[in-house]
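Per-entry structural report
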Amino acid sequence: MADDLLFQENAVIYFERDPSGSIFLIRAGKVELTYEIPGSAPRVLGPGEILGLADSLGEHARIETARAMTDVTASKISVEELRFMLTNNVQIGLKVVTSLCGELRMLDEMIVTRMRGGDTDAYGKGVGLKMIAEHFKQKGMNRAARYAYGKYLDTDPDPMDALDGALQLGSLCERDAEIQLAMEIYEMLAREFASDPRPKLALTRVRQVLDTFGDRI
Amino acid sequence: MIPTPLLEKFGRVYAAGDLVFCEFEDGSECFVVHSGEVSIIKISGGSEKILAILKEGDIFGEMGVLEKKPRTATAMALTELTVLALDLRGLQAMVQAQPFFAFTLGKTLGRRIIQSFRHVSNLSIENPRVRVVDMLLWKMEEPKEEGGLHVTPHSLAEIADFVGLPFQEVERVMKEYSDLGRVKILADKIVISDVRSMKRLLKL
């Protein structure tokens, strides 16, 4: 079904902007992918990896130049053959989709980096979720803020931070079930704070939270 | 069209304004839009940047289920939204129940990669003026009728989000083109009156 092709070292397999419509499954050797976008790093693919997948499926001209770094053997597969393979083998389908996801994630990270002017701004998970929760709270979008504060508490932050998060979450709760859940979190925190070396401050904060909820139940 | 048994098993409904998921949270499901619209956004420095607006048949969150890494963006329902929420087993069930699903998902991802690639390319343009014009022309729709208007269906704020520049800077550039009669700025769209001269700018 697929044609096995041999590319000698340094041979160009395809150029950026060439028409697509087929993929290459690398059987042996290494291939370098380069992009015309300034500042983009080349990628190296090896046996078992696929060239030209996104542009073929996205019906677009080649988005990179592929050059053989060593002698390369690759199977050329048309989009039509690929469709047959994907619709007849769940495992191949998932492998191809996973490979595309990796490529998309890499590009999305490049977008974010460039939008932030080269500042990768790597938030920790907890800090990031709290930032998003605060953003929605500030915009008055309480349901969205509540969701993000809930996810923030799931990251198991330090007790004092958890209490702050719980206080915020509590102030946004509307439904009894959520208030009940928040109460359980606070009671758990209260027990934890009871053995904390700063019990006075901590328990004052817990009381503050409970008072907030007291009005709502 | 999503088969009813899958919808009954994996269907989930969100109200407008609800978050389907949040950037940074761990993801274990992907989503197929059955009805409604969802916005994929990034929040940074107190502002929201729209990455995409997805509709019926679109797939999102797939990286969470397949790569098991934290979400890289936030998904918010723009309207009432019904989705299929699929974990890895659900995804496999969907691929088995719908033989074309993996191919359709592959095509969706392929198109999104091309869009993201194009976006990276735009953000690599150092001259802000050229970056804004490149974005306007990229997002421009073909006229619906012969001799019709060329329209970019986005507000100035959305264009500023896409190009990653401060709103005031984009507004200043666009006002100059507006004064020259090359564009007309409306609340929710930009009409490009002189496409040829805008394209010429990209070649300088």
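Residues numbered from 1 in each chain as written. Chains lettered and ligands numbered in written order. Predicted model: local features only at pLDDT ≥ 70, side-chain atom pairs only at ≥ 80, totals over all residues.

Brief notes about the interface of chain A and chain B
- Counting residues at the interface gives 45 residues for chain A, matched by 44 residues for chain B.
- For the side of chain A that touches chain B, the secondary-structure elements that each account for two or more residues are helix H1 (53-57), helix H2 (79-88), helix H3 (90-115), helix H4 (125-138) and helix H5 (142-154) of chain A.
- Per element, the largest residue contribution to the side of chain A that touches chain B is 18 residues, and it comes from H3 of chain A.
- Of the residues assigned to the side of chain A that touches chain B, the class counts are 25 nonpolar, nine polar and eleven charged. (Contact = placed C-beta atoms within 7 Å. Helix = DSSP H or I, 4+ residues; strand = E, 2+ residues; numbered from the N terminus. Nonpolar A, V, L, I, M, F, W, Y, C, P; charged D, E, K, R; others polar.)

Notes on the sheet that holds strand E5 (residues 47-54) of chain B
Residues and elements named next belong to chain B.
- Taken in spatial order, the four strands make up an open sheet running E2-E7-E4-E5, and their pairing is antiparallel. The sheet terminates laterally at strand E2 (19-21) and E5, the two strands that pair on one side only. Here the strands of the sheet are splayed against their neighbours by 35 degrees on average, with no regard to which way each runs.
- With four bridges connecting them, strand E4 (residues 38-44) and strand E7 (residues 74-77) associate as antiparallel partners. Paired with Ile41 across the bridge in E7 is Thr74. (Pairing = 2+ DSSP bridges. Axes fitted to C-alpha atoms, helices over the stretch in contact; angles between N-to-C directions.)

Here we look at the pairing of strand E3 (residues 30-35) of chain B
Residues and elements named next belong to chain B.
- As paired strands, E3 and strand E8 (residues 81-86) are joined by five bridges and run antiparallel to one another. Each residue of the ladder has a partner; that of Val33, found in E8, is Val83.
- Relative to strand E6 (residues 59-60), E3 is paired through two bridges, and the arrangement is antiparallel. Within E6, the residue paired with Phe31 across the bridge is Phe60.

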